[in-house]
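A look at the structure
This is what each chain is made of:
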Amino acid sequence: MGNRGMEDLIPLVNRLQDALSSVGQSCGLHLPQIAVVGGQSAGKSSVLENFVGRDFLPRGSGIVTRRPLILQLLNSDAEYGEFFHCKGKKFTDFEEIRKEIETETCRLTGSNKGISSVPISLRIYSPHVLNLTLVDLPGITKVPVGDQPADIEYQIRDMIMQYICKENCLILGVTPANTDLANSDALKLAKDVDPQGQRTIGVITKLDLMDQGTDAREILENRLLPLRRGYIGVVNRSQKDIDGKKDIKAALESEKNFFLSHPAYKHMAERMGTPYLQRILNQQLTNHIRDMLPAFRSHLQSELVALNKEAEEYRQYKPDDPARRTKTLLQIVQLLAVDFEKLIEGSGDKVDTVSLSGGARINKIFHERFPYELVKIESDARKQRQEINYAIRNINGVRTGLFTPDMAFETIVKKKISSLKGPCIKCIDMVCQELITTVYQCISKLSSFPKLRDETERIVITEIREKESKCRDQVLLLIDIQLAYINTKHEDFVGFTNVQQVHNQNNGKTLIGMAQNQGVVHPSSRIVIRKGWLTISNIGIMKGGAREYWFILSAESLSWFKDEEEKEKKYMLPLDNLKLRDVEKGFMSSKFAFAIFNTELRNVYKDYKCLELACNSQEDLDSWKASLLRAGVYPEKVDGQGNGPEYFTDPQLERQVEIICNLVDSYMSIIHKTIRDLMPKTIMHLMINSVKEFISSELLAQLYALGECSALMDESPEQQQHREEVLRKHAALKEALTVVGEISMSTCTTPLPPPVDSSWIQSTSFPKNVVTVGKPVSRGHAPPVPRVTHTGPKASSDSFHQPVGRYNRTTTSVPRRQPPAIPSVK
């Protein structure tokens, strides 16, 4: 059975698992265990009670075991039980253990027949047991009863798979002798995850209930329906014996006499019965520990090394030391300042490759969102001409003007300059929100000191709000400065004398468009502004439906190709007279869309008046809008008054309107250029740089000014618990390494039996053309199962809590849920 050192390792690993599971952690150790799998009323619970020699498991008809029971048997002089959820309480009365299991089961599953995958952990100390770790799982059932869901069978199979798919788990397949072994649900599931039979042990129960003249000799001799590790027969107490309170010791003696006296089994009686099964299971656990001992030691050492520094700090930690509190406060504030600056300046050690954050998002606001907001407020040419028309006529009054009035120009310009306040204030608000988000990201590391975190958050956000107000006042002042004096002598202003030149430039642009239509490519059309994937989403199903294409936006056209190789061009759309509008996101759609259309109501693409283009994120949508803006495709303007076109009857008035319109466009281009340049500079100086300076030089002083520095450094209960658990985990790892070092590698072991033909076990059936685990599976053969590899800290003894995948098969009885698949254990 192995040496004593090996036997002592199992209790130690049990204690280590308890220490880690109390804080929801895992040290990556594979704790050997045995999963008891079988159909409902197959005798699983009776086998476990025979191991212990006591009645302690719930009894009844139908499904009784409704939560996994992790049963740790430990050899000890005293006899008592302990529950993990009742720490410190010893149960010496095994009837109380039964009631506690029933109470704890009903607490999560209710009083009916529901099930739960949350395990109950029970440890039993007894002089009559060998060291074992077993998991009693709910019996496989077919028909839901009570308030059980319709897919109860698949839920139970799902739960069983979570345990038996792990390489460190031995599978105890329990099958009654009075049923057809070839249809055993337990052996079918075992074959799915253990096709070579290296971990499966067959247990045949109820041998005494077989029909007269029949026996299971050929099965127990492993000649009929063989398993690699063979079968062990047991005889449990009947329901009459249980009702009559037959003692388990007497039942074990009756079992022994049954095998010795039965003509079909007496020649192998020494290899039958509950005591022999218990010894075999103990031996297999010992063998498994011996096989995994090198990896076990390596895992322990790597975990210990990873904890050494933290455990040493916690060991010397004095929570009430004023010097320690002051030093920690200083270090935290310095680290906060460094983290904030790194996120803003983009020099962080850990670069986010999933999404933009910090300074990158602020940069996007400066150079994409803000210019787009500026363009959105611009009125269209028709509305602008109408305003200029009214302004000129109102200025002239009852008289007819001979010259173009300057006042009309100033009136329109000042109105357009004043409208810039909205986008500027919105830009400040967006930057302020990004700063607050960055602060939250930095102070999340202060969760160990909740009072310090709350005060730091309050002080810094208050400072950001103050700087935001100051920045807003300064930006409004800049706009007021622009309103104070209209500088018509600016070197970039076209002036009254150069208005005709603007006409010529506009005509030249029209000629360029005409030349492009005739096949002449202007040099500016080859300037690529943006490339990327977009989905044309408004194409009807009859014409191919929505499809994704590779788009290229240049200064003069929007082209799309089949793929990024850019060999097969699908279409090229000139940008003349195009505008874009927002498209509401569909209820079931995950895409973000916009539409482009022709202002002259011409077809944009084939017979479509508009083209709806969709991308995968809001960030992509904003980037495409900003790129189209650079190419001269502006957003649609909504005229709330619904004014129609203005028709001019006076040629002189029409000429004056055109002149002032060109002058306004020229002057506003100067203003836009100035505002786009000054806004980022103002915000950087008055908000971002000021907040950085405040955190690095003023925050600590303001925290000291509160007069509660000692209280600020009070730890959270979670941090105190974490420190205690780290120290406990560190001590348990050191103790485990000490014991492992004392174990002799020359432990006696039993070699694995040779392989047998187990094709008689029919695997769970799958529909045709279903691919599972990368290969097609046909009826009658076990599907291939990924082998579990011990890969260091990622391997977990608690891995049965991970979600389990399912095969994609259909079922007529339970349409709402798919049956469980073999999980891919990492």
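The residue count restarts for each chain, going from 1 along the sequence in the order it is written. Reporting of local features is limited, given that this is a predicted model, to residues whose pLDDT is at least 70; pairs of side-chain atoms are given and counted only at 80 or more, and all residues count toward the totals for whole chains, interfaces and linings. Water and hydrogen atoms were dropped before computing side-chain values, which therefore reflect all heavy atoms in the structure.

**Quick word on the overall build of the protein**
Only DSSP runs of H or I reaching four residues or more are called helices, and only runs of E reaching two or more are called strands; each is numbered from the N terminus. Scanning the protein from terminus to terminus reveals 22 helices and 18 strands. Counting all 826 residues of the protein, 48% fall into the buried class. For this analysis, residues touch if any pair of their heavy atoms sits within 4.5 Å. Pairs at least 24 apart in sequence give 76% of the contacts found in the protein among residues at least 6 apart. As displayed, the protein offers around 41600 Å² of accessible surface, 50% of which is attributable to carbon and sulfur atoms. Burial here depends on accessible area, computed with a 1.4 Å probe over protein chains only, as a share of the maximum for the residue type. Under 20% is buried, over 50% is exposed, and the range in between is partly exposed. What sets the accessible areas is the Shrake-Rupley method with a 1.4 Å probe; for residues, cover comes only from the shown protein chains.

**Some points on the pairing of strand β7 (residues 200–205)**
By the criterion of burial, β7 is predominantly enclosed, with six of the six residues buried. A two-sided burial pattern is seen for β7, the buried positions comprising T200, G202 and I204 on one face and I201, V203 and T205 on the other. In this description, strands pair whenever DSSP reports at least two bridges between them. The pairing of strand β6 (residues 169–176) with β7 spans six bridges and is classified as parallel. Looking across to β7, one finds that T175 is bridged to I204. With its strands directed away from the observer, a crossover is right-handed exactly when the path from the first strand over the helix to the second travels clockwise. Following the chain from β6 across helix α5 (residues 185–193) to the adjacent parallel β7, one finds a crossover that is right-handed. In this sheet, strand β8 (residues 231–233) lies alongside β7 in parallel orientation, the contact comprising three bridges.

**Focus: the sheet that holds strand β12 (residues 569–574)**
Strands sit in the order β12-β11-β10-β9-β15-β14-β13-β16 across an open sheet of eight strands; the sheet is mixed. The open sheet has two edge strands with one neighbour each: β12 and β16 (634–635). Examined bridge by bridge, strand β14 (residues 592–598) and strand β15 (residues 610–615) share six bridges and lie antiparallel to one another. Residue pairing for β15: I596 is matched across the bridge by L611. Strand contacts of helix α18 (residues 618–630): β9 (528–536), β10 (547–554), β13 (578–582), β14, β15 and β16, with the helix running at about 130° to β9, the strand carrying the most contacts. Interaxial angle, 0 to 180 degrees, is taken between N-to-C directions of lines fitted to C-alpha atoms, where a helix line uses only the stretch in contact.

**Details of the sheet that holds strand β2 (residues 69–75)**
Within the open sheet, the eight strands sit side by side as β3-β4-β2-β5-β1-β6-β7-β8. Their pairing is mixed. Both edges of this open sheet fall to β3 (80–83) and β8, since each of them pairs with a single strand only. Within the sheet, the average angular offset between the axes of one strand and its neighbour, ignoring direction, is 25°. Looking at chain direction, β2 and strand β4 (residues 120–126) are connected through seven bridges and run parallel. Bridge pairing in β4 links L71 to L122.

**Focus on the state of the cysteines**
When two cysteine sulfur atoms are found within 2.5 Å, that pair is recorded as a disulfide. Evaluated as defined, the whole model comprises zero disulfides. No disulfide involves C424; its sulfur sits 7.3 Å from that of C427, the nearest cysteine. For C424, a relative accessible area of 1% corresponds to the buried category. A relative accessible area of 0% places C427 in the buried class.

**Focus: the confidence of the model for the protein**
Values of pLDDT, the confidence the predictor places in each residue, fall between 0 and 100. The share of residues in the protein with pLDDT of 70 or more is 77%, and the mean pLDDT across the chain is 76. Scored below 50 in pLDDT, residues 22–28 makes 25 contacts in the model with residues more than four places away or belonging to other chains. Confidence drops under pLDDT 50 across residues 507–525; counting only partners more than four residues distant or on other chains, this segment forms twelve contacts.

**Quick word on empty space enclosed by the protein**
Space inside and on the surface of the protein is sampled on a 1 Å grid over the protein atoms alone, with a cavity defined as a set of points where a 1.4 Å probe fits but cannot get out and a pocket as an open set with protein on both sides within 12 Å along at least 5 of 7 lines; lining residues have an atom within 4 Å of a point. Grid points are joined across faces, edges and corners, and a volume is the space filled by probe spheres set on the points. Counting across every chain of the model gives three cavities of 30 Å³ or more. Estimates place the volume of the largest cavity at around 100 Å³. Lining the largest cavity we find S45, L57, P58, V64, T65, R66, R67, L69, I101, T105, I120 and D136. Following the grouping adopted for this structure description, the nonpolar residues are Ala, Val, Leu, Ile, Met, Phe, Trp, Tyr, Cys and Pro, the charged ones are Asp, Glu, Lys and Arg, and the polar ones are all others, Gly among them. Tallied by class, residues from the lining of the largest cavity come to six nonpolar, three polar and three charged.

**Thoughts on helix α11 (residues 322–345)**
Relative to the 34 Å expected for 24 residues at 1.5 Å per residue, α11 spans 35 Å between its end C-alpha atoms, a close match to the ideal helical length. Listing the buried residues of α11 in full gives R324, R325, T328, L329, I332, V333, L336, A337, D339, F340 and I344. Immediately downstream of α11, the backbone of G346 shows phi near 80°, a positive value. Helix span, expected: 1.5 Å multiplied by one less than the number of residues in the helix.

**Let's talk about helix α12 (residues 359–376)**
Turn by turn, an α-helix covers 3.6 residues, leaving residues three or four places apart pointing in a common direction. In this model α12 runs 25 Å from its N-terminal to its C-terminal C-alpha over 18 residues, within 8% of the 26 Å that 1.5 Å per residue would give. A bend of about 40° at I365 is the largest found in α12. Of the positions making up α12, those classed as buried are G359, I362, K364, I365, F366, F370, P371, Y372, E373, L374 and V375. Where α12 is buried, its residues meet α11, α15 (421–443), β13, α18, β16 and α19 (651–697). Two axes enter the bend calculation: one fitted to the seven residues ending at the residue in question, the other to the seven starting there, and the bend is the angle between them.

**Points about the pattern of salt bridges**
A pair is scored as a salt bridge if a Lys or Arg side-chain nitrogen falls within 4 Å of a carboxyl oxygen belonging to Asp or Glu. All chains considered together, the criterion is met by 30 salt bridges. Across the salt bridge formed by R217 and E221, the nearest N and O atoms sit 3.0 Å from each other. For R217, a relative accessible area of 34% puts it in the partly exposed group. Its salt-bridge partner being K567, residue E565 comes within 4.0 Å of it at the nearest N-O pair. Grouping residues by exposure puts E565 and K567 together as exposed. When salt bridges that share partners are traced, they join R217, E218, E221 and R223 into one network.

**Comments concerning the packing of helix α13 (residues 381–396) against α19**
Two elements in contact, α13 and α19, have axes whose closest approach is 9 Å; the angle formed by their N-to-C orientations is 120°. Our pair here, α13 against α19, has a crossing hand that is right-handed. Residue-level inspection shows Q384, R385, I388, N389, I392 and R393 of α13 in contact with α19, the latter providing L653, Q656, V657, E658, I660, C661, V664 and D665. Classifying every residue of the contact of α13 with α19 by side-chain character gives seven nonpolar, three polar and four charged. Crossing handedness is defined as follows: a turn of the near helix away from the far one that is anticlockwise and smaller than a right angle gives a left-handed crossing, while the clockwise case is right-handed.

**So, the nonpolar core**
Counting residues in each nonpolar core, the largest one holds 72 residues, and the members touching the most others are F409, I417, V431, M679, I683 and I695. Elements with a contribution of two residues or more to this core: α11, α12, α13, α14 (406–418), α15, α16 (450–484), α19 and α20 (699–705). For this core, the leading source of residues is α19, giving 20 residues. Excluding residues within four positions of it along the chain, I683 makes contact with F366, C427, I428, V431, C471 and I688. Buried Ala, Val, Leu, Ile, Met, Phe, Trp, Tyr and Cys residues form a nonpolar core when they are joined through side-chain atoms within 4.5 Å. Formed by 34 residues, the second largest nonpolar core is a distinct cluster that contains I34, V52, F94 and L122.

**Re the environment of S347**
Relative to the helices and strands, S347 is located in the loop between α11 and α12. Taking the relative accessible area as the measure of exposure, S347 reaches 45% and is therefore partly exposed. Sequence spacing of S347 and G359 is twelve residues, and the spatial spacing of their C-alpha atoms is 9.8 Å.

**Re the packing of aromatic side chains**
Within 6.5 Å between ring centres, the rings of Phe, Tyr and Trp (the latter by its six-membered ring) count as paired, and their orientation is classed by plane angle as stacked under 30 degrees, edge-to-face over 60, tilted in between. In the structure shown here, the tally under the stated rule is 14 aromatic pairs. Considering the side-chain rings of Y80 and Y125, the 4.7 Å spacing of their centres and the 20° angle between planes classify their relative orientation as stacked. Highlighted residues: Y80 in strand β3 and Y125 in strand β4, separated in sequence by 45 residues. One exposure class covers both Y80 and Y125, and it is buried. An aromatic cluster is built from F551, W560, Y571 and Y605, whose rings are joined through pairwise contacts. The side chain of K90 reaches across the aromatic face of Y80, ending 4.6 Å from its centre. Here, over-ring charges are defined by two tests on the NZ atom of lysine or the CZ atom of arginine: distance to the ring centre within 6 Å, and angle to the ring normal within 35 degrees.

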